[in-house]
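So you can see what is in the structure, the chains are spelled out below.
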Amino acid sequence: MFAVHLLAFHFTKLKEDQIKKVDRFLHQLRLPDDVLQDVAARFQAEMLKGLARDTNPTAAVKMLPSFVRSLPDGSEKGEFLAVDLGGSQLRAHQVRVSDDGKQSSQLESKFYPTPKEVTQGNGAELFDYIADCLSDFMETRNLKQKKLPLGFTFSFPCKQTKLDEGVLLEWTKHFRVRGVQGTDVVSSLHRALQKHQDIDVDVLALVNDTVGTMMTCGYDDPRCEVGLIIGTGTNACYMEEMRHIDLVEGDEGRMCINTEWGAFGDDGALDDLRTEFDRELDLGSLNPGKQLFEKMISSLYLGELVRLILLKMTKEGLLFNGKVSTALLTKGKIEMKHVSAMEKYKEGLSNTREILTELKLFPSEEDCVAVQHVCTIVSFRSANLCAAALAAILTRLRDNKKLLRMRTTVGIDGGLYKTHPRYAQRLHKVLRRLVPTCDVRFVLSRSGSGRGAATVTAVALRLAAQRRRLDAALAPFLLPPSTLQQVRDSMRAELEYGLKREAQGQATVKMLPTYVCGMPDGTEKGKFLALDLGGTNFRVLLVKIKSGRRRSVQMYNKIFAIPLEIMQGTGEELFDHIVQCIADFLDYMGIKGARLPLGFTFSFPCRQTSIDKGTLVGWTKGFKATDCEGEDVVDMLREAIRRRNEFDLDIVAVVNDTVGTMMTCGYEDPNCEIGLIAGTGTNVCYMEDMKNIETVEGNEGKMCINTEWGAFGDNGCIDHIRTKYDREVDEGSLNPGKQRYEKMTSGMYLGEIVREILIDLTKQGLLFRGHISESLRKRGIFETKFLSQIESDRLALLQVRRVLQHLGLDSTCEDSIIVKEVCAAVSTRAARLCGAGLAAVVEKRRQNRGVERLQITVGVDGTLYKLHPHFSRILQETVKELAPQCDVTFMLSEDGSGKGAALITAVAKRLHNVGQK
């Protein structure tokens, strides 16, 4: 028993001595965590260089866009071919992808050798050979009668400008085919396939094997967004945000980036970590100075690295009694399979003895322990370096998502990872230390390069089909210039019709006289009250106007809510609530005893017979108070004041908010003759020549006309541009069949149109995995403010997803892109239609004046115009396009409904005083 213990102690001591000896000799290959963190930081810097347009040409890590924009979503289906070129064999695959609820793919394959005359011959011979193999495979599988899409896995660095095109940058591994570098390999394959008249194959996708690995694993695990190969060669790919990829147009969504990380260090970035053995190996390789990171990691080189280390140790007398065999001097005699065998847990030492004996080295027990440890250090360094670069990619992904902690999946393939007894365990362990904030699952790829190419092709076909259906859904929102011209001309006809005395009853665009006959001239002064009713809030304002050199307008206001039960109760309840709010404000300001002139901004269609008389034509914007339509709202306000019997007011003017907007801007710019509201609702007013207003007596001067253009189209004149979504929104509204133009252009309805489109697209399986959530079923959930947020150029897709999550919509990156596109289609149409209507108004003013070219200002208010990132620009462009003889300046109104009401009141008082004199 004692002898056994003594023997064990002797072996342990022997092993420790040999390990220390090797550690001292190879200390440069041992990389502590702080060095690995530094390697990760260097790789991150290289990634940034590769992504940027200016630095990409000189970057070692090329960060090649793959034009793979989407991971599988499980709805892919069909039959595909795949050809895989990149290793010691050419592989042809038939892949059947099913979405029968099981989300499965079946693979049938055939392998073909890649002889040296093919891998180091000329390009035409290579692609003819691939085509011949594919033809043979299709013959074997009885597929020649079918037209099938093909994915081409080409495991070499290519510059792609689209999914089915790729220019070879350089050969790697053992390939050296002449005349291919700098050419499009897909075109070359097409030409070779055309020689086979009996097969009909369409090459739809060029795929790197790393990308194929990610896509294959992504089919089984939706979290997979990184692909990693550690085999004969090494590479990684991951899903990058489009906004960071300078080399590709567009900022929306993500794209898979093929890092080609094997070239990391080719610019000297790793020179301090490369050993004399790395340099010697590189000099003896087919591509000296290139793929330096790959030469420190991949299985093609690790066996040779071990051989060079053993050779030097032997020459220095540290192994085999200093006796070098011919085999040890021969390049390539130690391969990765030998290294893996020597590192096996139990039989490793006996394997080592056997392998070294075959190399005629006749090792001692000490030699076997030392050689096994050399293998461990070399393969461990490979795993460490791989973990460091992978940590950089994961950190970038986490930063892109702005997460403190991230869960993700890495799809992985390659003989070194799969067959080495300890490589995977080492890689995982080191990675956990380097990125403790990332929970990483590794998924082994099943025939990644072939199945992955088919998956990429299937995804491309799915996206193309989805794009066709999405385009079909959104096509009615894309209004060509000819349609916009028709809208402009129809609006012009309706404007003219509404001014006719005999047409007043039938006109949809009511062209209501406001009895506002003058613009501010700067002499207005005094204190005025203004009331503003037009939405869910009601305002009371005190406005102080000063004239002369110290001309100014000061405002004090208080906002009061109007509950839904008041909005949709009785008229008496509504006006009693308004008077209650006025009383609170007068108390608050301490002016209850003063009888101030008041302007009442009432933002609903009214027919006026004088400036202080307005009969409500009909409610809009969600108001439904009874016993109001057909009544004079000024009288109703006066009655409510009398009922309260606390104060008295001089109600001078009933004002539409659009007119107030025009007057506010007219106070600053005498050229302002048009007011536009583009907010919750939409409307336009403008100064019309009295001689054209048949509904009012007199031909001298001008009067502001409140068009109430929201009702444009209620007679069916724009039915040809209304979509099924517009009809659904209209039918679900409080006033079906009314305000049709407003329902296509105003903030109150745009979000609802978007919601109807999203429901339809979800039913078609184009969004939210075909699941209509309860929140999406809720009318009104998609407020217009969300359109403005989603369409903001500053908002990344990640933030768009958060907006959708806030709405209870669990979206993918692809969902977010589609939602953003839908929002853009709806808001762009709204802006174009609004611009077409406004073009009709400015062109009418030009013709009224009888001028060749008109210069005019439009005062504008409304949240849609002010807050939406693109609405104002598109509207202005449309006006310029449809009214080319008008130079239109757009001026933002400052509180048209409050300040404007006070100015109208002040102008009315001034004109009244002039009349009395």
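In what follows, the structure referred to is the one given above.
Parameters at a glance
- Residues numbered from 1 in each chain as written.
- Predicted model: local features only at pLDDT ≥ 70, side-chain atom pairs only at ≥ 80, totals over all residues.
- Heavy atoms only, no water.
- Pairing = 2+ DSSP bridges.
- Helix = DSSP H or I, 4+ residues; strand = E, 2+ residues; numbered from the N terminus.
- Axes fitted to C-alpha atoms, helices over the stretch in contact; angles between N-to-C directions.
- Contact = heavy atoms within 4.5 Å.
- Buried < 20%, exposed > 50% of the residue type's maximum accessible area, 1.4 Å probe, protein only.
- Parallel < 35°, antiparallel > 145°, perpendicular 65-115°, else oblique.
- Nonpolar A, V, L, I, M, F, W, Y, C, P; charged D, E, K, R; others polar.
- Expected span 1.5 Å × (residues − 1).
- Arc of directions from axis to C-beta.
- Phe/Tyr/Trp six-rings, centres within 6.5 Å; stacked < 30°, edge-to-face > 60°.
- Lys NZ or Arg CZ within 6 Å of the ring centre and 35° of its normal.
- Disulfide = S-S within 2.5 Å.

*Asks:* Help me understand the sheet that holds strand 17 (residues 552–561) in this model?
*Replies:* The strands making up a sheet associate through backbone hydrogen bonding, with each pair oriented either parallel or antiparallel. An order of 17-16-15-18-21 is seen for the 5 strands of this open sheet, with the pairing classed as mixed. The strands lining the two open edges of the sheet, one partner per strand, are strand 17 and strand 21 (650–655). Strand after strand, the sheet turns through a mean of 20° between neighbouring axes, direction not considered. Inspection of the sheet shows strand 15 (residues 526–533) paired to strand 18 (residues 597–602) by 5 bridges, in the parallel sense. Looking at the pairing, Leu529 lines up with Leu598 of strand 18. Each of strand 16 (537–546), strand 17, strand 18 and strand 21 touches helix 20 (residues 657–668); the most contacted strand, strand 21, lies at about 100° to it.

*Asks:* What is the right way to read unusual backbone geometry from this model?
*Replies:* Peptide bonds are mostly trans, and most non-glycine residues show a negative phi. Even without being a glycine, Phe362 presents a positive backbone phi close to 45°. Checked against the element boundaries, Phe362 lands in the loop between helix 11 (348–358) and helix 12 (365–401). Owing to a relative accessible area of 60%, Phe362 belongs among the exposed residues under this scheme. Phi is positive for Asp627, which is not a glycine, with a value near 60°. Owing to a relative accessible area of 64%, Asp627 belongs among the exposed residues under this scheme.

*Asks:* Just checking my understanding: could you explain the packing of helix 2 (residues 33–51) against helix 14 (residues 423–434) for this structure?
*Replies:* Helix packing for two helices is described by the angle between their axes and how far apart those axes are. Two numbers describe how helix 2 lies on helix 14: the axes approach to 11 Å, and their chain directions differ by 80°. In terms of orientation, helix 2 lies roughly perpendicular with respect to helix 14. Two secondary-structure elements touch here, helix 2 through Asp33, Leu36 and Gln37 and helix 14 through Val430, Arg433 and Leu434. Each residue belonging to the contact of helix 2 with helix 14 can be placed in one class, and the counts come to 3 nonpolar, 1 polar and 2 charged.

*Asks:* For this particular structure, what's the right way to read helix 14?
*Replies:* Compared with the 16 Å implied by 1.5 Å per residue over 12 residues, the 17 Å span of helix 14 between its first and last C-alpha is a close match. Of all the positions in helix 14, only Tyr423, Ala424, Arg426, Leu427, Val430, Leu431 and Leu434 are classed as buried. All buried residues of helix 14 lie within an arc of 160° about the axis, which places them on one face of the element. In helix 14, those exposed residues whose orientation departs by more than 90 degrees from the buried face are Gln425, Lys429 and Arg432.

*Asks:* Mind showing me how you'd approach the packing of aromatic side chains here?
*Replies:* Two aromatic rings, taken as a pair, are described by how far apart their centres are and by the angle between their planes. Scanning all chains against the criterion turns up 23 aromatic pairs. Arranged with centres 6.4 Å apart and planes meeting at 25°, the rings of Tyr417 and Phe442 form a pair that is stacked. Taken as a pair, Tyr417 in helix 13 (residues 415–419) and Phe442 in strand 13 (residues 438–444) lie far apart in primary sequence, 25 residues in all. Residue classification places Phe442 among the buried residues on the basis of a relative accessible area of 18%. An aromatic cluster is present here, built from Phe152, Phe154, Phe156, Trp171 and Phe175 joined pairwise through their rings. The lysine or arginine in question, Lys558, covers the ring of Tyr588, its NZ or CZ lying 4.5 Å from the ring centre.

*Asks:* How should the sheet that holds strand 1 (residues 64–65) be read in this particular structure?
*Replies:* Across the sheet, 6 strands lie side by side as 1-11-10-9-12-13; this open sheet has mixed pairing. Of all strands in the sheet, those with a lone pairing partner are strand 1 and strand 13, marking the two edges. Pairing of strand 9 (residues 224–230) with strand 12 (residues 406–413) involves 5 bridges; the strand directions are parallel. Opposite Gly227, over in strand 12, you have Gly411 as the bridge partner. Across the face of the sheet, helix 12 comes into contact with strand 9, strand 10 (234–241), strand 11 (254–258), strand 12 and strand 13 while running at roughly 170° to strand 9. Where helix 14 meets the sheet, its contacts fall on strand 9, strand 12 and strand 13, and the angle it forms with strand 13 comes to roughly 160°.

*Asks:* In this structure, what is going on with the state of the cysteines? I would like to understand it.
*Replies:* Think of a disulfide as a covalent bridge from one cysteine sulfur atom to another cysteine sulfur atom. Counted according to the given criterion, the structure contains 0 disulfides. With no disulfide of its own, Cys438 has Cys224 as its nearest cysteine by sulfur position, at a separation of 14 Å. Free of any disulfide, Cys704 has its nearest cysteine sulfur in Cys685, 3.8 Å distant.

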